[in-house]
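# Report on the structure
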Amino acid sequence: MNPDDDHIASALDAVREQIATAARRCGRQAGDVSLLAVSKTKPAAAIRIAHRHGQRCFGESYVQEALAKQQELAGLDIEWHFIGPIQSNKTRDIAAHFDWVHSVERGKIATRLNAQRPVGMPPLNVLLQINVSGESTKSGVAPADARALAHEIALLPSLRLRGLMTVPAPCDDPVAQREPFRQLRELMADLNADGLVLDTLSMGMTHDLDAAVAEGATIVRVGTAIFGVR
Ligand SMILES: *Cc1c(COP(=O)(O)O)cnc(C)c1O
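Remember, predicted model here, so these are calculated numbers, not experimental data.

Position of Ile130 among the secondary structure elements: in the loop between β5 (124–129) and α6 (143–154). The class for Ile130 is buried, based on a relative accessible area of 1%. In the structure, Ile130 is positioned 96 residues away from Ser34 in sequence and 20 Å away in space, judged by C-alpha atoms.

The topology assignment puts Arg162 in strand β6 (residues 159–165). Excluding residues that lie within four positions of it along the chain, Arg162 makes contacts with Trp100, Asn125, Val126, Leu127, Leu198, Asp199 and Thr200.

All right, on to the site of the ligand then. Around the ligand, the structure places 13 residues, and the nearest of them are Lys40, Thr206, Arg221, Thr224 and Arg230. Residue Thr206 places a side-chain N or O atom 2.5 Å away from an oxygen atom belonging to the ligand. For the ligand, an oxygen atom lies 2.8 Å from a polar atom in the backbone of Gly223. When the ligand is considered free in solution it has 390 Å² of accessible area, and contact with the protein chains removes 88% of it. Counted by class, the shell around the ligand contains six nonpolar, four polar and three charged residues.

The phi angle at Thr41 is positive, at roughly 70°, despite the residue not being glycine. Within the secondary structure layout, Thr41 lies in the loop between β1 (34–38) and α2 (44–52). For Thr41, a relative accessible area of 46% gives the class partly exposed.

Counting 63 residues, the largest nonpolar core has Val104, Leu128, Ile130, Ile153, Leu164, Val220 and Ile226 as its most contacted members. With six residues, the single largest contributor to this core is helix α1 (residues 3–25). Grouped together as the second largest cluster of nonpolar side chains are eight residues, Leu36, Val38, Ile83 and Leu127 included.

Let us look at α6. Helix length check: α6, at 12 residues, gives a terminal C-alpha distance of 17 Å against a target of 16 Å (1.5 Å per residue), a fit within 8%. Within the sequence span of α6, burial applies to Ala146, Leu149, Ala150 and Ile153. Each buried residue of α6 sits inside an arc of 110° when the element is viewed along its axis, so together they form one side. Set apart from the buried face of α6 by more than 90 degrees, the exposed residues are Ala144 and Ala148. Next to the buried residues of α6 lie β4 (100–104), α5 (107–116), β5, β6 and α7 (178–193).

Overall, the coordinates contain two aromatic pairs when judged by the stated rule. Pairing Phe82 with Phe98 gives two aromatic rings, centres 5.4 Å apart and planes at 75°, and the pair type is edge-to-face. With Phe82 in strand β3 (residues 79–82) and Phe98 in the loop between α4 (91–97) and β4, this residue pair connects regions lying 16 residues apart in the sequence. Across the pair, Phe98 and Phe82 agree in class, each one buried.

Side-chain pairing between opposite charges can occur once the charged atoms of the two side chains come close. On inspection of all chains with the given rule, the structure shows 12 salt bridges. We note a salt bridge from Asp5 to Arg52, for which the minimum N-O separation is 2.8 Å. Taken as a pair, Asp5 in helix α1 and Arg52 in helix α2 lie far apart in primary sequence, 47 residues in all. Residue classification places Asp5 among the buried positions, given a relative accessible area of 7%.

Next up on the list: α7. The terminal C-alpha atoms of α7 lie 22 Å apart, and with 16 residues this matches the ideal 22 Å at 1.5 Å per residue to within 8%. The set of residues buried in α7 consists of Pro180, Phe181, Leu184, Leu187, Met188 and Leu191. Viewed end-on, α7 has its buried residues packed into an arc of 115°, placing them on one side of the element. In α7, the exposed positions angled more than 90 degrees off the buried face are occupied by Asp190 and Ala193. In this fold, the buried residues of α7 make contact with α6, β6, β7 (200–202) and α8 (209–214).

Analysis parameters
- Residues numbered from 1 in each chain as written.
- Predicted model: local features only at pLDDT ≥ 70, side-chain atom pairs only at ≥ 80, totals over all residues.
- Heavy atoms only, no water.
- Helix = DSSP H or I, 4+ residues; strand = E, 2+ residues; numbered from the N terminus.
- Buried < 20%, exposed > 50% of the residue type's maximum accessible area, 1.4 Å probe, protein only.
- Contact = heavy atoms within 4.5 Å.
- Near = heavy atom within 4 Å.
- Polar contact = N/O pair within 3.5 Å; in protein donor to acceptor, adjacent residues only side chain to side chain.
- Areas by Shrake-Rupley, 256 points an atom, 1.4 Å probe, with all protein chains shown as cover.
- Nonpolar A, V, L, I, M, F, W, Y, C, P; charged D, E, K, R; others polar.
- Core = buried A, V, L, I, M, F, W, Y, C linked by side-chain atoms within 4.5 Å.
- Expected span 1.5 Å × (residues − 1).
- Arc of directions from axis to C-beta.
- Phe/Tyr/Trp six-rings, centres within 6.5 Å; stacked < 30°, edge-to-face > 60°.
- Salt bridge = Lys/Arg side-chain N within 4 Å of Asp/Glu carboxyl O.

Here's what the structure looks like:
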């Protein structure tokens, strides 16, 4: 193995072990949490290495960059997740080239994704991005507006609303890190009590994945710990 190969393989093992340990610590199974490898800004070669070591789900934030890598990696069985901000003029490419979108925060974007999902493809899995901490600079819909938007999206036939995603403000305190994740979990429970059927909490990144797993994350999105600093 070349050094890159070796590094990504051992980093992946370490992250898997960290997730399994965090899950066991709170009575969950390692298999309850899936690992999304965030490969934005990293070359297709890095994705290929992670794929060779058993990773199947990859997250990208920039549409043009993602499409170029998808072309290079055509033929590999990869589940592609779009996790970046969505501009209206990019919805057609996202609808056609991704399996999941984590960053839906407006009805207009959801409507476009629904209309542009190609006929014959399964419904696009969608998560609503929630701005739990309420900072005006952060992306995501306010928790108070989530219910109306979730019900609107749930009616769109070419989308499948699966759950919620959040990116909290960075925080170093492992106890305080849990608060926004707890709020996201409770918001999903409220929406399910309100008639929706949501099963996915996308939360936790390199620096806060233990806290997210403890609060019920079903997908953690990890870039730096696998591929190194960007
Ligand atoms: C970049 C990114 C990640 C991965 O962050 P790391 O700190 O590198 O693990 C996760 N989620 C989103 C939305 C991102 O943009």
